[in-house]
Amino acid sequence: MRSRADSSLAERKRQLVADELRDAALMLLATKGFDVVTVDDIVAAAGMSRRTFFRYFASKEDVVVRFLADMSADVITELAARPPAEAPSVALRHALWVPLAACNDHPEHSERARVVVRLILDTPALHARWLESQIQWRAELATELASRCGLDPHTDPYPRMAAGMALLALDTVLQQWQPGDDEQRLTELTDRAFAVVSPALDAPTTPPDAG
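Computed from a predicted structure; not experimentally measured.

## Overview of the overall build of the protein
In step 1: When you go through the protein residue by residue, the secondary structure sums to nine helices and zero strands.
In step 2: For the protein, the succession of helices and strands along the chain, N to C, is α-α-α-α-α-α-α-α-α.
In step 3: The burial tally for the protein puts 42% of its 211 residues in the buried class.

Pasting the structure below:
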């Protein structure tokens with residue numbers, strides 16, 4: 001019977017392999033183009049086999065889908081961890097900054113991340129998946145916001161509208177992210193986007209007849 005330590009080690013190894021395949025795939029897709037790169041190219045760059053690739057991903061598109069899903073999970077986790085009394089605009093700004101900050105955790109990561117973002121936004125098939133993923137993001141953000149504000153996400157319009165505005169702010173930042181932009185520039189873009197939506201995000205959320 002495998003011990004918990006053995007299982008944990010095996011899981012870490014699986015995650016490392018998945019991360020290596022993801023990084024190799026994203027860089028190839030970003031530099032050569034989505035339609036040109038094949039699974040054989042990806043496994044060659046990662047030094048692994050096709051069998052290993054398909055153990056973790058269903059297709060090269062699935063690599064991008066998982067990348068977006070991981071971003072979403074990080075955002076929701078951060079939002080849930082924000083102080084309960086924090087203004088919604090502040091909590092959402094911090095939560096959505098998590099994937100952006102990850103793009104700048106090492107100097108070489110920023111430009112690579114920007115290229116991957118442009119790949120997603122400029123490739124019709126991947127952009128469609130990006131928009132599709134935002135439907136799930138919006139639902140998850142709305143649920144968390146409703147919980148924070150004591151609202152019913154099914155009957156109150158605020159949670160879904162606030163989640164949609166926050167994601168629009170993120171999408172605007174990514175669209176404006178240009179080659180050579182550093183973390184300070186990314187911060188400025190994020191602050192400007194949230195300055196636009198913050199008044200609506202922080203509008204009273206108590207129904208008029210509740211008082």
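## What to know about the packing of helix α7 (residues 124-149) against helix α8 (residues 158-176)
In step 1: Where α7 contacts α8, the axes come no closer than 8 Å and their chain directions differ by 130°. With respect to α8, the element α7 is oriented oblique. Two packed elements cross with a definite hand, and for α7 against α8 that hand is right-handed. In this structure, α7 contributes Trp130, Gln134, Trp137, Arg138, Ala139, Leu141, Ala142, Leu145, Ala146 and Cys149 to the contact, and α8 contributes Tyr158, Pro159, Arg160, Ala162, Ala163, Gly164, Leu167, Leu170, Asp171 and Leu174.

## A short note on the pattern of salt bridges
In step 1: Applying the stated criterion across every chain, the model contains twelve salt bridges.
In step 2: Here Arg50 and Asp40 are joined by a salt bridge, their closest N and O atoms 2.9 Å apart. Of the two residues, Arg50 sits in helix α3 (residues 50-56) while Asp40 sits in helix α2 (residues 39-46), which places them ten residues apart along the sequence.
In step 3: Judged by relative accessible area, Arg50 falls into the partly exposed class, the value being 41%.
In step 4: Taking the shortest distance from any N to any O, the salt bridge between Arg82 and Glu86 comes out at 2.8 Å. Each member of the pair, Arg82 as well as Glu86, carries the same accessibility label: buried.
In step 5: The network of salt bridges with common partners includes Asp19, Arg22 and Asp23.

## Digging into the packing of helix α5 (residues 88-102) against α8
In step 1: Following both chains from N to C, one finds α5 and α8 inclined at 40°, their axes separated by 11 Å at the closest point. In terms of their interaxial angle, α5 and α8 are classed as oblique. Handedness of the crossing formed by α5 with α8: right-handed. From α5, Pro88, Leu92, Leu96 and Leu100 reach across to α8, where they touch Tyr158, Ala162, Ala166, Leu167, Leu170, Val173 and Leu174.

## Here we look at the side chain of Asp62
In step 1: Looking at the element boundaries, Asp62 is found in helix α4 (residues 60-81).
In step 2: In this structure Asp62 touches Tyr56 and Phe57, once residues within four positions along its chain are discounted.

## Digging into the side chain of Arg82
In step 1: With respect to the element layout, Arg82 can be found in the loop between α4 and α5.
In step 2: Arg82 sits in the buried class, given a relative accessible area of 18%.
In step 3: Each residue touching Arg82, except ones within four places of it in the same chain, is listed here: Ala91, His94 and Arg148.

## What to know about the packing of aromatic side chains
In step 1: Applying the stated criterion to the full structure yields three aromatic pairs.
In step 2: The interplanar angle of 90° and the centroid separation of 5.2 Å between the aromatic rings of Phe53 and Phe54 together place this pair among those described as edge-to-face.
In step 3: For Phe53, a relative accessible area of 0% gives the class buried.
In step 4: Phe54 gets classed as partly exposed once you look at its relative accessible area, which sits at 39%.
In step 5: Summarising the aromatic geometry, the rings of Trp130 and Trp137 are spaced 5.9 Å apart at their centres and angled 75° between planes, so their arrangement reads as edge-to-face.
In step 6: With relative accessibility at 2%, the residue Trp130 sits in the buried group.
In step 7: One aromatic cluster is present, formed by Phe53, Phe54 and Phe57 through successive ring pairs.
In step 8: The ring of Phe34 carries Lys60 above its face, with NZ or CZ at 4.5 Å from the centroid.
In step 9: Sitting over the face of the ring of Trp97, Arg93 holds its NZ or CZ atom 5.1 Å from the ring centroid.

## So, α8
In step 1: Taking 1.5 Å of rise per residue, 19 residues should cover 27 Å, and α8 covers 27 Å from first to last C-alpha, within 8% of that figure.
In step 2: Buried within α8 we find Tyr158, Pro159, Ala162, Ala163, Ala166, Leu167, Ala169, Leu170, Asp171, Val173 and Leu174.

Analysis parameters
Residues numbered from 1 in each chain as written. Predicted model: local features only at pLDDT ≥ 70, side-chain atom pairs only at ≥ 80, totals over all residues. Heavy atoms only, no water. Helix = DSSP H or I, 4+ residues; strand = E, 2+ residues; numbered from the N terminus. Buried < 20%, exposed > 50% of the residue type's maximum accessible area, 1.4 Å probe, protein only. Axes fitted to C-alpha atoms, helices over the stretch in contact; angles between N-to-C directions. Parallel < 35°, antiparallel > 145°, perpendicular 65-115°, else oblique. Left-handed = near helix turned anticlockwise from the far one by under 90°. Contact = heavy atoms within 4.5 Å. Salt bridge = Lys/Arg side-chain N within 4 Å of Asp/Glu carboxyl O. Phe/Tyr/Trp six-rings, centres within 6.5 Å; stacked < 30°, edge-to-face > 60°. Lys NZ or Arg CZ within 6 Å of the ring centre and 35° of its normal. Expected span 1.5 Å × (residues − 1).

From the geometry alone we can't say anything about function, so treat these as descriptive.
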